[in-house]
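These are the residues of each chain, in order.
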Amino acid sequence: MSLSFVPSLDVRGLAYAYPDGHQALFGVDLTVERGERVALLGPNGAGKTTLVLHLNGILTGGAGTVTVAGLPVAKANLAEIRRKVGIVFQDPDDQLFMPTVREDVAFGPAAAGLRGPELEAAVHKALARVGMQEYADRPPHHLSFGQRRRVAVATVLVMEPEILVLDEPSSNLDPASRRELADILRSLDVTVLMVTHDLPYALELCPRAVVLSEGVIAADGPTGDLLADDELMREHRLELPFGFDPTRKPATR
Amino acid sequence: MGAGHTHKLYRHGHSPVHRMPPHCKLVAVLGFVVVVVSTPREAVWAFAAYAALLGAVAAVARVSPWFVLRRLVIEVPFVAFAFLMPFVVPGEQTRLLGVEVSVPGLWGAWNVLAKGTLGVTASVLLAATTELRALLLGLQRLKLPPLLVQIASFMIRYGDVITDEMRRMSVARRSRGFEARGVRHWGVLAKSAGALFIRSYERGERVHLAMVSRGYTGSMPVLDEVTASRAQWCSAAALPVTALLILLLGWTP
Amino acid sequence: MHVPDGFINAPVSAAAGLAAAGAVAAGLRGARRELGGSALAGGHGAERTAPLAGLVAAFVFAVQMLNFPVAAGTSGHLLGGALAAILVGPWTGVLCIAVVLLMQGVLFADGGLTALGVNITVMGVVTVLVAYGIFRGLVKVLPRSRRSVTVASFVASLASVPAAAAAFTLLYAVGGTTDVPVTKVLTAMVGVHVLIGIGEALITTATVGAVIAVRPDLVYGARGLTAPLKLRVGGRLVDAVPVAPAPAAVPAARSTRTVWITGLATALVLAGVVSFYASASPDGLEKVAADQGIDKKAEEHAAADSPLADYGVSGLTDARLSGGLAGTIGVGGTVLVGTGVFWAVRRRDGARRGEGSGEGVRAGARDAVGEGARDGVRDGARDEEAV
């Protein structure tokens, strides 16, 4: 199908200033092909969150364009865009706002009009993909942090998104939960854009990385190469953990 | 109160009362309490009959009387008020245990105590046999404005999260050697309250973003509907109808 | 502080319930405007209401558990009405307190179910409206500074507590189940609550101060106190086009006011009429009513030919039975009327909501390019049209 040659995400010349005048993006160009897993790296205040909020049209109106699978992000097709772009926010407590896991996962598809057995099936499938089926009727706050994050991933997977956007997926996770989440993310056949400070995690999961700094894409290349470039890393306030050698372990796909 | 949101009053069980649809229970309890409140206070034995009715419900629901009694503590401030009545209310005086008390005052105290206690008991039985989630569904089914039900469910979902944050702040204060002992320390506590408000409000904004990202446009999809059969309505009506019969039959000469 | 069942008689409880329902209905409308006005995402009113009001309600709920030690092992806690009103605006405040009280009643048996209306009216509506009215008035009169906000918060929250106590005493005078001497009770209640009010005022003021120091934009009552924005044009600072101030003092358009006034008037009439019949029951209300000069008004109403009156007096010979019956029927009738009013409000609400949410999305886009100001004005205009 010709559609598969259309990139999952195409950002062109995106610039944005907040209403208070603070300008966060100064012309971002970024293309993510279908099925790619890309890490979005950058220091605090680089504009990562601002960029993410443009991907599903929560922020609009600056200069430039965002296109998701060939569909421009615009008022007219916001509902479709929000179905195609699944954002997993940093704090799962913000994302899981319904009284039970099942209802939370069902929220998106139900808002899109799905009902009855189809809805049930979709919810079950999404929970199975993150290994949380047996927790369907539990309230989110009775789950561990790692479990909550997995449910948060399920709440967007259930929409069968074109691209999965994860904001700091590994933050606050213990090593075991971190590993489990990595396994889940690797098992998904979906385009992934992962915003993170966790450089080893980026190297482990994403063959390609881009560095966002001062509102523009400052570097774009294989994750291993970027992390090995000491000067680039220093310039953009990115630091590898002590004793970690990015050249030793190649990214897996 | 210190109850957080972990619905402390709920007693897990599978009794017929537990299984009854929540909106039937809400209507039944409200009807019962209205009858109780409308009963003239001189009908002492009617109150005894009401108490027996509630005892029967508690027995069917397998809620221990001890549990109900403990919850009556909530009434204490008004019990104190009731005990003052015989001494402050003007009117015909009588001697009770060697103390001058007023007759209308005694009646007033009895009235408040009897009705208040029956009301609290009925509410406790409702709360003890109905899960949080079911209560919200029941309110929704009773045509409370949907927005109000949404607000209530957000309050329930995040009450716990916010209380936890408050507890962590308190631990942090005490870890640094601060112990609130008197009015002098109110400033520090108020700062915590202010910080808590900011956190709550900002979380509300983040939750809103997460909702919009998943297709929310202002109304919640209705996922679960509770329904009640005629038989269930009839069994729920047993409580208020019996109470009403007691009220009516009581005075037929 | 939560009033249990049986403290206030059934008819007055029902009337208070109706007043509370009207206030909540008005709150649902007003909150949309208040919560949509923040700088970050102006115009999102409809869809922001549920999460934001829910979180504020959770905050009120939590902060009521924060113990403030007074002395020698005793401690008090915040009632929160004035705080909510100043921080998030009067309508959201009423709404949040009402939701907290509803949940406390249903989940914790805290406050009687039949007394829910009384509790919401006294602790939600009276507290919030008195606090916000005084706060707004003072902020307008005093110079535009943070110190004024502090003074206004203090006075407003101090006054709100005895005001609630007075409102409760008034309800008790009309619908109390025992005729305690009203003036004595009023003096005692107000006296005690002035003391409690001082505590409430100290805490509220400090809390508002703490919020203003960090996020002044979040304090609803103090919006418009921030310095005008500057733009850097060619190296020099020039004033930005001022953003339309949040409609603070009169957030309610006519539509809300109509609902509100209708609800209040109905409730008052019902309280007057029905409690007169209730006084046929041996609750000994006549004396209180006479003291308060309420009986005159009630008599006028009694002249009206009501089936309930006949029923209550002539149909049955036993005074107690007829009293009880009249009470039950009165409450039933009130609940029916209330439900009717609610239905009407809800249906209009629903229609408006659909329209509002669409606007929200568009407004978001416009706001992003800094046109929030016009949007605010447009929003207001639309509300006027909707009447």
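Since the model is a prediction, treat every value here as computed from it, not as a measurement.

(A) The overall build of chain B, seen in detail. In terms of regular secondary structure, chain B is built from 10 helices and 2 strands. Order of helices (α) and strands (β) in chain B, N terminus to C terminus: α-α-α-α-α-β-β-α-α-α-α-α. Its C-alpha radius of gyration of 23 Å places chain B more than 25% over the 18 Å reference for a compact globule of 253 residues. The dimensions of chain B, computed from C-alpha atoms along their principal axes, are 70 × 55 × 30 Å. Expressed as a percentage of the 253 residues in chain B, the buried residues total 49%. Across chain B, every contact between residues at least 6 apart in sequence was considered, and the portion connecting residues at least 24 apart equals 78%.

(B) Highlighting the overall build of chain A. Secondary structure assignment for chain A yields 10 helices and 10 strands. Relative to its length of 253 residues, chain A is compact, with a C-alpha radius of gyration of 18 Å against a globular reference of 18 Å. Its C-alpha atoms give chain A principal-axis dimensions of about 55 × 45 × 45 Å. Within chain A, the proportion of its 253 residues that are buried is 49%.

(C) Broad picture of the interface of chain C and chain B. Taken together, the 76 residues of chain C in the interface contact 82 residues of chain B. A class-by-class count of the residues in the side of chain C that touches chain B yields 47 nonpolar, 19 polar and 10 charged.

(D) Looking closely at the sheet that holds strand β4 (residues 63-68) of chain A. Residues and elements named next belong to chain A. Read across the sheet, 4 strands follow the order β2-β1-β4-β5 without closing on themselves; strand pairing throughout is antiparallel. At either end of the open sheet lies a strand with only one pairing partner, and these are β2 (23-32) and β5 (71-72). Where strand β1 (residues 9-17) and β2 come together, 7 bridges link them in antiparallel fashion. In the sheet register, valine 11 faces β2, and the bridge partner there is leucine 30.

(E) Highlighting the environment of glycine 61 of chain A. Following the sequence through the fold, glycine 61 of chain A ends up in the loop between α1 (48-55) and β4. Along the sequence, glycine 61 of chain A and valine 195 of chain A sit 134 residues apart, while their C-alpha atoms lie 23 Å from each other.

(F) The packing of helix α2 (residues 22-38) of chain B against helix α7 (residues 132-141) of chain B, seen in detail. All names here are of chain B. Packing of α2 against α7 brings their axes to within 7 Å, and their N-to-C directions diverge by 75 degrees. Here α2 lies roughly perpendicular to α7, going by the angle between them. Two secondary-structure elements touch here, α2 through Pro22, His23, Lys25 and Leu26 and α7 through Ala134, Leu135, Leu137, Gly138 and Arg141. Here the contact of α2 with α7 is composed, by residue class, of 5 nonpolar, 2 polar and 2 charged.

(G) Representation of the domain arrangement of chain B in the model. When the domains of chain B are assigned, the result is domain 1 (16-138 + 227-249) and domain 2 (152-213). Placing a centre on the C-alpha atoms of domain 1 of chain B and another on those of domain 2 of chain B gives a separation of 36 Å.

(H) Just the sheet that holds strand β10 (residues 216-222) of chain A, in detail. Residues and elements named next belong to chain A. Judged by pairing direction, the sheet is mixed, and its 6 strands sit side by side in the order β6-β7-β8-β3-β9-β10 without closing on themselves. Bordering the open sheet on either side are β6 (85-88) and β10, each of which pairs with just one other strand. Strand after strand, the sheet turns through a mean of 20 degrees between neighbouring axes, direction not considered. As paired strands, β6 and strand β7 (residues 163-167) are joined by 4 bridges and run parallel to one another.

(I) Local environment of the packing of helix α4 (residues 101-111) of chain A against helix α5 (residues 116-129) of chain A. Residue and element names in this part refer to chain A. Close contact between α4 and α5 brings their axes to 9 Å; oriented N to C, the two are set at 120 degrees. Our classification of the angle between α4 and α5 gives oblique. Judged by the sense of rotation from one axis to the other, the crossing of α4 with α5 is right-handed. Residues Arg102, Val105, Ala106, Pro109 and Ala110 of α4 pack against Leu119, Ala122, Val123, Ala126 and Leu127 of α5. A breakdown of the residues in the contact of α4 with α5 according to their chemical character gives 9 nonpolar, no polar and 1 charged.

(J) Local environment of helix α6 (residues 146-175) of chain C. Taking 1.5 Å per residue as the helical rise, α6 of chain C with its 30 residues ought to reach 44 Å, and the 43 Å between its terminal C-alpha atoms agrees with that figure. Within α6 of chain C, 22 of the 30 residues are buried, leaving the element largely enclosed by the surrounding structure.

(K) Molecular detail of the environment of leucine 139 of chain B. Residues and elements named next belong to chain B. Examined against the element boundaries, leucine 139 turns out to sit in helix α7. C-beta crowding within 10 Å serves as the criterion here: with 21 such atoms nearby, leucine 139 is assigned to the buried category. Here the alpha-carbon distance between leucine 139 and valine 35, two residues 104 residues apart in the chain, equals 21 Å.

(L) Structural context of the environment of alanine 25 of chain C. Examined against the element boundaries, alanine 25 of chain C turns out to sit in helix α1 (residues 10-36). Taking C-alpha positions, alanine 25 of chain C is 8.6 Å from leucine 95 of chain C, a pair spaced 70 residues apart along the chain.

(M) Summary view of unusual backbone geometry. Of note, glutamate 214 of chain A is a non-glycine position whose phi angle comes to about 50 degrees, a positive value. As for its position among the elements, glutamate 214 of chain A is in the loop between β9 (208-213) and β10. Classification of glutamate 214 of chain A by C-beta neighbours within 10 Å gives partly exposed; the count is 14. For arginine 62 of chain B, which is not glycine, the phi dihedral falls at a positive 55 degrees. Within the secondary structure layout, arginine 62 of chain B lies in the loop between α3 (44-61) and α4 (65-71).

(N) Structural detail: the confidence of the model for chain B. Residues and elements named next belong to chain B. When the pLDDT values of chain B are averaged, the result is 82; 95% of them are 70 or greater. Looking at the elements of chain B, mean pLDDT is at its lowest for strand β1 (residues 93-96), recorded as 74, and at its highest for α2, recorded as 91. Segment residues 1-6 is flagged for pLDDT under 50; beyond a separation of four residues in sequence, or across chains, it makes 14 contacts in the model. For this predicted complex, the interface score ipTM comes out at 0.88, while the overall pTM is 0.75.

(O) Broad picture of helix α4 (residues 90-108) of chain C. Counted at 1.5 Å a residue, the expected span for α4 of chain C with its 19 residues is 27 Å, and the 26 Å between its end C-alpha atoms agrees. Burial analysis of α4 of chain C places 18 of its 19 residues in the buried class, which makes it a mostly covered element.

(P) View of the pairing of β9 of chain A. All names here are of chain A. Counting buried residues along β9, 5 of its 6 residues qualify, which places the element largely inside the surrounding structure. Relative to β9, strand β3 (residues 37-41) is paired through 4 bridges, and the arrangement is parallel. Pairing of alanine 39 across the sheet is with alanine 209, part of β9. Bridging between β9 and β10 involves 6 bridges; their strand directions are antiparallel. Counted as the bridge partner of leucine 212 is isoleucine 217 from β10. Following β9, the chain reverses through 2 residues before pairing antiparallel with β10; glutamate 214 in that reversal takes a positive phi of roughly 50 degrees.

Basis of the calculations
- Residues numbered from 1 in each chain as written.
- Chains lettered and ligands numbered in written order.
- Predicted model: local features only at pLDDT ≥ 70, side-chain atom pairs only at ≥ 80, totals over all residues.
- Helix = DSSP H or I, 4+ residues; strand = E, 2+ residues; numbered from the N terminus.
- Rg over C-alpha atoms; globule rule 2.2 N^0.38 Å.
- Buried ≥ 20, exposed ≤ 12 C-beta atoms within 10 Å, placed from the backbone.
- Contact = placed C-beta atoms within 7 Å.
- Nonpolar A, V, L, I, M, F, W, Y, C, P; charged D, E, K, R; others polar.
- Pairing = 2+ DSSP bridges.
- Axes fitted to C-alpha atoms, helices over the stretch in contact; angles between N-to-C directions.
- Parallel < 35°, antiparallel > 145°, perpendicular 65-115°, else oblique.
- Domains from an automatic or database assignment.
- Left-handed = near helix turned anticlockwise from the far one by under 90°.
- Expected span 1.5 Å × (residues − 1).
- pLDDT = per-residue confidence, 0-100.

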